[in-house]
Amino acid sequence: MKNIRKSLISIAVSSALLIAACSSSSDPSPENTMVNDPANGSITTDDTGAPITTTGTGGSTVTGGLDDPTANPTGEVVTSIGTGSLDLATAYPKLLDALSGYQLETLAEEVMLIGDSISAGSAGSVSTVAGSFSVNDRDRDVVTETQIVTYNCDAGGTVSIELGQLNIAESSYSRVVDNDRYAFDQCETTTGGSQQLDGVVSSLQDSTSGSRFSRTHYATTWGAFSWNQDGGQRLTADAAISGNALSSFDSSDTRTATINDYSMSRGDRIVMAVTNGLFSQQNETIASGAAQRYNLDISGQVTDESGIASNIVSQPGLSRLFVQPVVASESLMPEPFSGEINISAENGSQILLTATEPGDSYARQVDVFHRAVDGSTSTLKAQNFQTFGAEL
């Protein structure tokens, strides 16, 4: 990831940065776990769940930035408004997808690219301090030294960049860990147009392979971040996304996103906003692929360009264990697809997704009940349930 970003430094980073928010990102899954504290930069992950910890003065809390989250770079307070028209029947897949956090992974890459561009164009660093991160690898701690380098932004403020990489290469085992952290402190730059950035973005990519298995863990964290651009484009984010992918005799993919706050606007127009977002999805194969398990819990409040907020909650979450009929037994019994997702908009409209069992097919299907603003109702039976980001 680090090398990809650096190869793109020469590319202009202008208004496309915020437009890219609707894109998706990399794959997910279980095995490892992550806890990321934006205040101190600590990251916990490894092949057994033990910690990776970033140390050094670069791990301190980054403060500063705009006091009012609705203020633009000139200090003028802007209240974002919407179009006032929401058709929940067509909009709900986009609202659900916003809770998965894939757009925040794409935007994190853009922000780190800006940091790389600042460091490449800087006359020199302001300060350099030592840092490190520790990985538990096969029951032993492996410490990797890093440097936390602070650069002046060309129009004011600073950015502190910590890039860490661990490489383990053996005849039947390899592991590569990229642990990167960018802390912007009232950074003002003309890279790609006038921009102001404040807060912390961090990225972790941890890939392991061995005899008959491969495993990937990833994590992206936004800590009290604000980003203002020319033309009144503004992003704020406080979120953590993580996931794991395991491929062996069986495979599994898990993804978790906690979006405390995420908002994007252009001028006085809202583009997307998420508050109190929770997303947890699991895909898993069992018995060498003879059975597949799926679980999804999702909740939060999402507002799209209409400016109308929709409250989303799974009650209970979607769940299914599909078992190929030829291998079904007392020890491996199928569990029918079950669960509901309720989406209620402030304009009085509603979508209710109710899981329905498609029989001998692994397809995930739902009945879609829609109540329109005028109170009229309709139901679509056995609709394929949407996929998210890397599933596409």
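Read on for an overview of the structure.

Conventions used here
- Residues numbered from 1 in each chain as written.
- Predicted model: local features only at pLDDT ≥ 70, side-chain atom pairs only at ≥ 80, totals over all residues.
- Heavy atoms only, no water.
- Helix = DSSP H or I, 4+ residues; strand = E, 2+ residues; numbered from the N terminus.
- Buried < 20%, exposed > 50% of the residue type's maximum accessible area, 1.4 Å probe, protein only.
- Contact = heavy atoms within 4.5 Å.
- Areas by Shrake-Rupley, 256 points an atom, 1.4 Å probe, with all protein chains shown as cover.
- Core = buried A, V, L, I, M, F, W, Y, C linked by side-chain atoms within 4.5 Å.
- Phe/Tyr/Trp six-rings, centres within 6.5 Å; stacked < 30°, edge-to-face > 60°.
- Expected span 1.5 Å × (residues − 1).
- Pairing = 2+ DSSP bridges.
- Arc of directions from axis to C-beta.
- Disulfide = S-S within 2.5 Å.
- Salt bridge = Lys/Arg side-chain N within 4 Å of Asp/Glu carboxyl O.

**Examining the overall build of the protein chain**
Alright, step 1. A count of helical and extended segments in the protein chain gives four helices and 19 strands.
Alright, step 2. Every one of the 392 residues in the protein chain was classed for burial, and the buried ones make up 49%.
Alright, step 3. Long-range pairs, those at least 24 residues apart, make up 61% of the contacts in the protein chain with a sequence separation of at least 6.
Alright, step 4. For the protein chain, the exposed area adds up to about 16,500 Å²; of that, 51% sits on carbon and sulfur atoms.

**Considering the nonpolar core**
Alright, step 1. Counting 60 residues, the largest nonpolar core has Leu96, Trp222, Ile341 and Phe385 as the members making the most contacts within it.
Alright, step 2. Considering every element that reaches this core, the biggest residue donor is helix α4 (residues 102-121), with eight residues.
Alright, step 3. Residues within four places of Leu96 in sequence aside, it is in contact with Ile298, Ile312, Ile341, Ile343, Leu353, Phe385, Gln386 and Phe388.
Alright, step 4. The next biggest cluster of nonpolar side chains, apart from the first, holds nine residues, and it includes Val135, Leu166, Ile168 and Val177.

**Some details on the packing of aromatic side chains**
Alright, step 1. According to the stated counting rule, one finds four aromatic pairs in the structure shown.
Alright, step 2. Between Phe184 and Phe225, the ring centres sit 5.9 Å apart and the planes meet at 90°, which makes this aromatic pair edge-to-face. Linking Phe184 in strand β6 (residues 173-189) with Phe225 in strand β8 (residues 213-229), this pair joins segments that are 41 residues apart in sequence.
Alright, step 3. On the basis of relative accessibility, which here comes to 2%, the residue Phe225 falls in the buried class.

**Regarding α4**
Alright, step 1. Here α4 contains 20 residues, and its C-alpha end-to-end distance of 30 Å stays within 8% of the 28 Å for a straight helix at 1.5 Å per residue.
Alright, step 2. Burial of α4 is extensive: 16 of the 20 residues sit out of reach of the surface.

**A look at the pairing of strand β13 (residues 309-314)**
Alright, step 1. By the bridge criterion, five bridges tie strand β12 (residues 291-303) to β13 in an arrangement that is antiparallel. When the bridges of β13 are listed, Gly300 appears paired with Ile312.
Alright, step 2. The hairpin turn running from β12 into β13, its antiparallel successor, is five residues long, and Gly307 in that turn takes a positive phi close to 80°.
Alright, step 3. Of the pairings in the sheet, the one linking β13 to strand β16 (residues 340-345) comprises five bridges and is antiparallel in character. By the bridge assignment for β16, Val313 is matched with Asn342.

**Some thoughts on helix α3 (residues 88-98)**
Alright, step 1. Leu88, Ala91, Tyr92, Leu95, Leu96 and Ala98 are the residues of α3 that are buried. Buried positions in α3, seen along its axis, are confined to an arc of 145° and lie on one side of it.

**A short note on the state of the cysteines**
Alright, step 1. Tallied over the full model, the rule gives one disulfide.
Alright, step 2. The disulfide partner of Cys153 is Cys187, and the S-S distance across this bridge is 2.0 Å. The S-S bond linking Cys153 to Cys187 shows a torsion near -115°; that makes this disulfide left-handed. Of this pair, Cys153 sits in the loop between β4 (140-152) and β5 (158-170) while Cys187 sits in strand β6, and the two are 34 residues apart along the sequence. The pair formed by Cys153 and Cys187 is uniform in burial state, with each residue classed as buried.

**Concerning the pattern of salt bridges**
Note that side chains of opposite charge can pair when their charged atoms are close.
Alright, step 1. Evaluation of the coordinates by the stated rule reveals 11 salt bridges.
Alright, step 2. For Glu105, the salt bridge identified is with Arg255, shortest N-O distance 3.1 Å. Placement of the pair is Glu105 in helix α4 and Arg255 in strand β10 (residues 251-266), with a sequence separation of 150 residues. Exposure class is identical for Glu105 and Arg255. Each is buried.

**So, the pairing of strand β3 (residues 125-137)**
Alright, step 1. Sheet topology note: the β3/β4 ladder contains 12 bridges and is antiparallel. Residue pairing in the sheet places Thr128 in a bridge with Val149 of β4.
Alright, step 2. Between β3 and β4, which follow one another and run antiparallel, lie two residues, and Arg138 among them has a positive phi close to 50°.

**Considerations on unusual backbone geometry**
Alright, step 1. Put simply, Gln315 and Pro316 share a cis peptide bond, and its omega is -10°.
Alright, step 2. Its location among the elements puts Pro316 in the loop between β13 and β14 (318-323).
Alright, step 3. Within the chain, Asp139 stands out as a residue other than glycine whose phi angle is a positive 70°.
Alright, step 4. Following the sequence through the fold, Asp139 ends up in the loop between β3 and β4.
Alright, step 5. Positive phi is not limited to glycine here, since Arg212 has a value of about 70°.
Alright, step 6. Within the secondary structure, Arg212 sits in the loop between β7 (195-210) and β8.
Alright, step 7. The class of Arg212 is exposed, set by a relative accessible area of 65%.

**Focus: the environment of Ser100**
Alright, step 1. By secondary structure assignment, the location of Ser100 is in the loop between α3 and α4.
Alright, step 2. Among all residues touching Ser100, those that are not within four sequence positions of it are Arg255, Ala257, Phe279 and Phe388.

**So, the environment of Asp87**
Alright, step 1. Considering the arrangement of structural elements, one finds Asp87 in the loop between β2 (42-44) and α3.
Alright, step 2. Along the sequence, Asp87 and Ser349 sit 262 residues apart, while their C-alpha atoms lie 8.3 Å from each other.

**Let's talk about the environment of Ala183**
Alright, step 1. Note on placement: Ala183 falls in strand β6.
Alright, step 2. For the pair formed by Ala183 and Val159, sequence separation is 24 residues and the distance between their alpha carbons is 5.5 Å.

Geometric descriptors of this kind do not, in isolation, establish any biological role.
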